[in-house]
Amino acid sequence: MAGNRTEETVVVTVICAENISARSGVAIPNVFFRLWLLDPAGKKLPKLKCRTACVQNNLINPVWNERVEFTVTNREFSGVCVECWDRSALSKDDFLGRFTVDAAFLATSNGAEQWFELRARKQDTSCCISGRVRLSGRIESLDAGQEAASRALSEIGEDADATHSGRVTSLLKSLDLDPKTVV
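Counting restarts for each chain, with residues numbered from 1 along the sequence as it is written. Thresholds applied to this predicted model are a pLDDT of at least 70 for local features of residues and 80 or more for the giving and counting of side-chain atom pairs; totals over whole chains, interfaces and linings are not thresholded and use all residues. The side-chain quantities take in all heavy atoms of the structure and omit both hydrogens and water.

Student: Honestly, the overall build of the protein chain in this entry has me stumped. Any pointers?
Tutor: Secondary structure assignment for the protein chain yields four helices and eight strands. For the purposes of this entry, the term helix denotes a DSSP run of H or I that reaches at least four residues, the term strand denotes a run of E that reaches at least two, and both are numbered from the N terminus. Reading the protein chain from its N terminus to its C terminus gives the helix and strand order β-β-β-β-β-β-α-β-β-α-α-α. Of all 183 residues assigned to the protein chain, the portion counted as buried reaches 39%. Partitioning the contacts of the protein chain with sequence separation of at least 6, the portion at a separation of at least 24 is 66%. Only the protein chains shown count as cover for residues, and all accessible areas are computed by the Shrake-Rupley method using a 1.4 Å probe. Here the protein chain displays about 10800 Å² of accessible surface, and carbon together with sulfur accounts for 48% of that area. Burial classes follow relative accessibility: with a 1.4 Å probe on protein chains only, a residue under 20% of its type's maximum area counts as buried, one over 50% as exposed, and anything between as partly exposed. Throughout, a residue-residue contact means that at least one pair of heavy atoms, one from each residue, lies within 4.5 Å.

Written out as structure tokens, the structure reads:
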């Protein structure tokens with residue numbers, strides 16, 4: 001039933017990392033992260049993923065302070081998988097480690113920061129994984145007005161012309177929302 005849907009935003013901020021080493025052990029890593037929402041069974045939801053910017057040549061302690069967001073319905077996810085990668089210009093990117101942020105942490109942390117240790121994947125038993133990542137996370141609820149505005153904006157799409165923009169502004173005003181603070 002559409003009336004019973006609850007939309008929320010999962011917010012994760014990748015703050016910084018410590019002691020990240022390149023897989024080759026020689027080069028300075030160009031680190032970025034891939035983040036996926038996990039379904040209730042713990043499997044990656046491929047359409048719900050984000051990627052951070054690549055921090056290049058920042059030795060082993062890069063800083064991002066980069067926020068990523070996922071919209072979820074009825075809190076149907078078990079957590080966020082965070083994978084650390086070394087961007088390579090000459091070959092495929094190298095996996096540097098990963099961890100999972102549990103949905104319970106996101107629901108109760110209220111944006112508190114926490115360190116997470118990088119871990120190897122099952123198939124990476126022979127490589128050495130090192131480092132940890134500091135991030136914060138939370139789940140933000142959308143109120144009814146924000147949900148209506150969000151739905152209207154998604155229906156119009158990113159290529160809204162002046163006509164669409166006028167309709168969105170009218171809709172937001174009819175919901176007693178300030179278009180400057182919602183959009």
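Student: What is the right way to read the sheet that holds strand β7 (residues 113-117) from this model?
Tutor: Neighbouring strands of a sheet are bound in pairs by backbone hydrogen bonds; such pairs are parallel or else antiparallel. Two strands form a pair only when DSSP identifies at least two bridges running between them. Ordered in space as β4-β1-β8-β7, the four strands form an open sheet in which the pairing is antiparallel. This sheet does not close on itself; its edge strands, each paired only once, are β4 (63-73) and β7. Averaged over all pairs of adjacent strands, the angle between their axes in this sheet comes to 30 degrees, without regard to strand direction. Orientation is described by axes fitted as lines to C-alpha atoms, over the contacting stretch for helices, and by angles from 0 to 180 degrees between their N-to-C directions.

Student: Sorry if this is basic, but what is going on with the packing of aromatic side chains here?
Tutor: Within a pair of aromatic rings, the relevant descriptors are the distance that separates the centres and the angle that separates the planes. Working definition: a ring pair exists when centres of Phe, Tyr or Trp rings (six-membered ring for Trp) sit within 6.5 Å. Plane angles under 30 degrees give stacked, over 60 give edge-to-face, the rest tilted. This model, assessed by the stated rule, comprises four aromatic pairs. Between F33 and W64 the ring centres are 4.9 Å apart and the planes differ by 70 degrees, which places this aromatic pair in the edge-to-face class. You can see F33 sitting in strand β2 (residues 31-38) and its partner W64 sitting in strand β4, a full 31 residues away along the chain. A relative accessible area of 0% places F33 in the buried class. Under the relative-accessibility criterion, W64 is labelled buried at 11%.

Student: Looking at this structure, how should I read the sheet that holds strand β5 (residues 79-86)?
Tutor: Spatially, the four strands line up as an open sheet ordered β3-β2-β5-β6, and their pairing is antiparallel. Sheet topology places β3 (44-51) and β6 (94-102) at the edges, where each strand pairs with a single neighbour. Going across the sheet, the axis of each strand differs from the next one's by a mean of 25 degrees, ignoring polarity. In this structure, β2 lies alongside β3, joined through four bridges in antiparallel fashion. From the neighbouring strand, W36 faces β3, where its bridge partner is K49.

Student: Just checking my understanding: could you explain the nonpolar core for this structure?
Tutor: In globular proteins that are soluble, nonpolar side chains generally tend to be buried together. The definition of a nonpolar core used throughout is a set of buried Ala, Val, Leu, Ile, Met, Phe, Trp, Tyr and Cys residues joined through side-chain atoms within 4.5 Å. Grouped together as the largest cluster of nonpolar side chains are 33 residues, with contacts concentrated most on V10, F33, L35, V80, V101 and L106. Every element with two or more residues in this core is listed here: β1 (7-18), β2, β4, β5, β6, α1 (103-108) and β8 (132-141). Broken down by element, the residue count for this core peaks at five residues, all from β2. Leave out the neighbours within four places in its chain, and V80 touches V10, V12, L35, W36, L37, L38, F70, F99, T100, V101 and L106.

Student: How should I be thinking about the environment of V68 in this particular structure?
Tutor: Relative to the helices and strands, V68 resides in strand β4. We classify V68 as buried; its relative accessible area is 5%. Separated by 55 residues in the primary sequence, V68 and T13 place their C-alpha atoms 6.2 Å from one another. Once residues lying within four places of it in the same chain are set aside, the contact partners of V68 are V10, V11, V12, L35 and C50.

Student: Help me out: how do you make sense of the side chain of T52 in this one?
Tutor: On the secondary structure map, T52 appears in the loop between β3 and β4. Separated by 2.9 Å, the side chain of T52 and the backbone nitrogen of F33 make a polar contact. Polar contacts, as used here, are pairs of N or O atoms within 3.5 Å; protein pairs need one atom able to donate a hydrogen and one able to accept it. Residues neighboring in sequence count only if both atoms are side-chain atoms.

Student: Just checking my understanding: could you explain unusual backbone geometry for this structure?
Tutor: Glycine aside, residues mostly have negative phi angles, and peptide bonds mostly take the trans form. Positive phi outside glycine occurs at N19, with the angle close to 55 degrees. Structurally, N19 can be placed in the loop between β1 and β2.

Student: Explanation requested: the environment of T13 in the structure shown.
Tutor: If you trace the backbone, T13 turns up in strand β1. Sequence-distant contacts of T13, that is, excluding residues within four places in its chain, are made with N65, E66, R67, R134, L135 and S136.

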